[in-house]
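Overview (structure and organization)
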Amino acid sequence: MSRKGQSITLSISERDKSELETLALEFGMKWGDKPNISRLVEAIARRQLLLGNNNDWTPSRIRALDRAMRGFVDMGENEQAWEIGKLLLERSELSTPLRTQIEEFLGNPPAAWRLRVEQLIKRQQPFQLSYEDAAHRVWNFTVCYARITNHEKRQYLDCWCEETEGNQDIEELQHNWCLRFDRIQDAAVVEIDRKWRSHLAEVEVSMHLFGGLAFAYQGKPEDVLVEWIPEKQRVKKVIRRVTSTFWFIREVMQYAPDCIVVTPNSIRDRIKAKIRTLSDLYEM
């Protein structure tokens, strides 16, 4: 290869020429519609285009970036997730299943209304959400607080709304709604003049943990108190802020009989009713 002024002359095999032409097209180095190898090499020489190894990332780095991408998706940070996804697709180390998953993710961008909701949450701006669910029912909510949350590996919009009609939770939590994203067909989102709340409605629940669960239990961010009860041997008391009895009961039922709800009676009675129903079914 020789350089005369700004021109570059290449002496290469036909195979190498073909590969360089493919690279030139990939990086937009063209003369008209044809690949321009000279422009490609000149860009590399001027360090306007940097080429490096594309097969030297460790499996642990790939896994970490994949987890980060999914974590951003869970938090509703789709723009960051997209950037990580595009970065991963540039790598030759990706397994075929992982590459396919990322390609499917990038090929199915979030709906415009979903991105709008994410923006309003970041701005702490109340909004009105009107949507049709998978059963073609129309819902209207005045949202004064919202957060994107994962419940059992699915994404939901947990929100405090002015509307309570149809909410089957206990009275203290009837302003809280949990909307499953993949059941929303389409939505209209409009800013409204309301005050943004600092959190969902909450109720404190007191639980007693027994046996191995008492020793194995690790506190959660929603826990207000976690302590051993001095007068009761090997019994741990947990007080937790709860925003949905539906998800809370699904969690504690899996720990029975090593976990009982002490207060409030409204939640305790719901759990007792479920246990009685289950017992009756087993007697049939």
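Procedures and definitions
- Residues numbered from 1 in each chain as written.
- Predicted model: local features only at pLDDT ≥ 70, side-chain atom pairs only at ≥ 80, totals over all residues.
- Heavy atoms only, no water.
- Core = buried A, V, L, I, M, F, W, Y, C linked by side-chain atoms within 4.5 Å.
- Buried < 20%, exposed > 50% of the residue type's maximum accessible area, 1.4 Å probe, protein only.
- Helix = DSSP H or I, 4+ residues; strand = E, 2+ residues; numbered from the N terminus.
- Contact = heavy atoms within 4.5 Å.
- Pairing = 2+ DSSP bridges.
- Axes fitted to C-alpha atoms, helices over the stretch in contact; angles between N-to-C directions.
- Patch = residues over 30% accessible without salt bridge, like charges linked within 9 Å, V, L, I, M, F, W, Y side chains within 5 Å.
- Areas by Shrake-Rupley, 256 points an atom, 1.4 Å probe, with all protein chains shown as cover.
- Salt bridge = Lys/Arg side-chain N within 4 Å of Asp/Glu carboxyl O.
- Phe/Tyr/Trp six-rings, centres within 6.5 Å; stacked < 30°, edge-to-face > 60°.
- Lys NZ or Arg CZ within 6 Å of the ring centre and 35° of its normal.
- Parallel < 35°, antiparallel > 145°, perpendicular 65-115°, else oblique.
- Left-handed = near helix turned anticlockwise from the far one by under 90°.
- Nonpolar A, V, L, I, M, F, W, Y, C, P; charged D, E, K, R; others polar.

**Things to note about the nonpolar core**
Looking at soluble globular proteins, one finds that nonpolar side chains tend to be buried together. With 44 residues, the main nonpolar core has Phe-127, Leu-129, Leu-157 and Phe-248 as its most contacted residues. Among the elements that take part in this core, strand β6 (residues 138–151) stands out by supplying 6 residues, more than any other. If near-sequence neighbours (up to four positions away) are discounted, Phe-248 is found in contact with Val-205, Met-207, Arg-240, Val-242, Val-261 and Ile-267. The next biggest cluster of nonpolar side chains, apart from the first, holds 12 residues, and it includes Ile-62, Met-69, Ile-84 and Leu-94.

**Here's the deal with the sheet that holds β6**
Taken together, 5 strands build an open sheet; the order of strands is β8-β7-β6-β5-β9 and the sheet is antiparallel. Both outer strands of the open sheet, β8 (176–180) and β9 (184–191), are each paired with one neighbouring strand and no more. The mean inter-strand angle of the sheet, taken between neighbouring strand axes irrespective of direction, is 45°.

**A few points about a nonpolar patch on the surface**
On the surface, Leu-278, Leu-281, Tyr-282 and Met-284 cluster together into a nonpolar patch covering about 540 Å² of accessible area. Of the residues examined, Met-284 reaches a relative accessible area of 80% and is grouped as exposed.

**Let's talk about the sheet that holds strand β10 (residues 203–210)**
Strand pairing in a sheet takes place through backbone hydrogen bonds and is either antiparallel or parallel in direction. Read across the sheet, 4 strands follow the order β11-β12-β10-β13 without closing on themselves; strand pairing throughout is antiparallel. In this open sheet, the two edge strands, each paired with only one partner strand, are β11 (223–228) and β13 (259–263). For this sheet the average axis-to-axis angle between neighbouring strands, irrespective of direction, equals 20°. Set on the sheet, helix α8 (residues 245–253) makes contact with β10, β12 (235–242) and β13; between it and β12 the angle comes to about 155°. Lying over the sheet, helix α9 (residues 265–283) contacts β10 and β13, oriented at roughly 145° with respect to β13.

**Details of the side chain of Thr-245**
Inspection of the secondary structure puts Thr-245 in helix α8. Once residues within four sequence positions are removed from consideration, Thr-245 is found in contact with Asp-169, Ile-170, Leu-173, Ile-267 and Arg-270.

**Observations concerning the packing of aromatic side chains**
Scanning the model with the defined rule gives 9 aromatic pairs in all. The interplanar angle of 35° and the centroid separation of 6.0 Å between the aromatic rings of Trp-113 and Phe-181 together place this pair among those described as tilted. Of this pair, Trp-113 sits in helix α6 (residues 112–123) while Phe-181 sits in the loop between β8 and β9; the two residues are 68 residues apart in sequence, bridging distant segments of the chain. Its relative accessible area of 11% is what places Trp-113 among the buried residues. Looking at Phe-181, the relative accessible area reads 8%, which means it is buried. Here the aromatic residues Tyr-131, Trp-139, Phe-141 and Trp-177 are joined through ring pairs into a cluster of three or more. Between the NZ or CZ atom of Arg-114 and the centre of the ring of Phe-181, over which it lies, the distance is 4.0 Å.

**A look at the packing of helix α4 (residues 78–89) against helix α5 (residues 96–106)**
Running from N to C, α4 and α5 point in directions that differ by 140°, and their axes come no closer than 10 Å. As summarised for this structure, α4 and α5 are arranged oblique, according to the angle between their axes. Pair α4 / α5 crosses with left-handed handedness. Contact residues: Asn-78, Ala-81, Trp-82, Gly-85, Lys-86, Leu-88 and Leu-89 in α4; Arg-99, Ile-102, Glu-103, Phe-105 and Leu-106 in α5. Residue composition of the contact of α4 with α5, grouped by class: 7 nonpolar, 2 polar and 3 charged.

**Comments concerning the pattern of salt bridges**
Under the defined criterion, the tally for this structure stands at 9 salt bridges. The salt bridge partner of Arg-123 is Glu-191, with a shortest N-O separation of 3.1 Å. Of the two residues, Arg-123 is situated in helix α6 and Glu-191 in strand β9; the sequence distance between them amounts to 68 residues. Among the residues examined, Arg-123 registers a relative accessible area of 47% and is labelled partly exposed. With relative accessibility at 34%, the residue Glu-191 sits in the partly exposed group. Two residues, Arg-240 and Asp-223, come together in a salt bridge whose shortest N-O distance is 3.0 Å. Note that Arg-240 is positioned in strand β12 and Asp-223 in strand β11, a separation of 17 residues in sequence. The pair formed by Arg-240 and Asp-223 is uniform in burial state, with each residue classed as buried.

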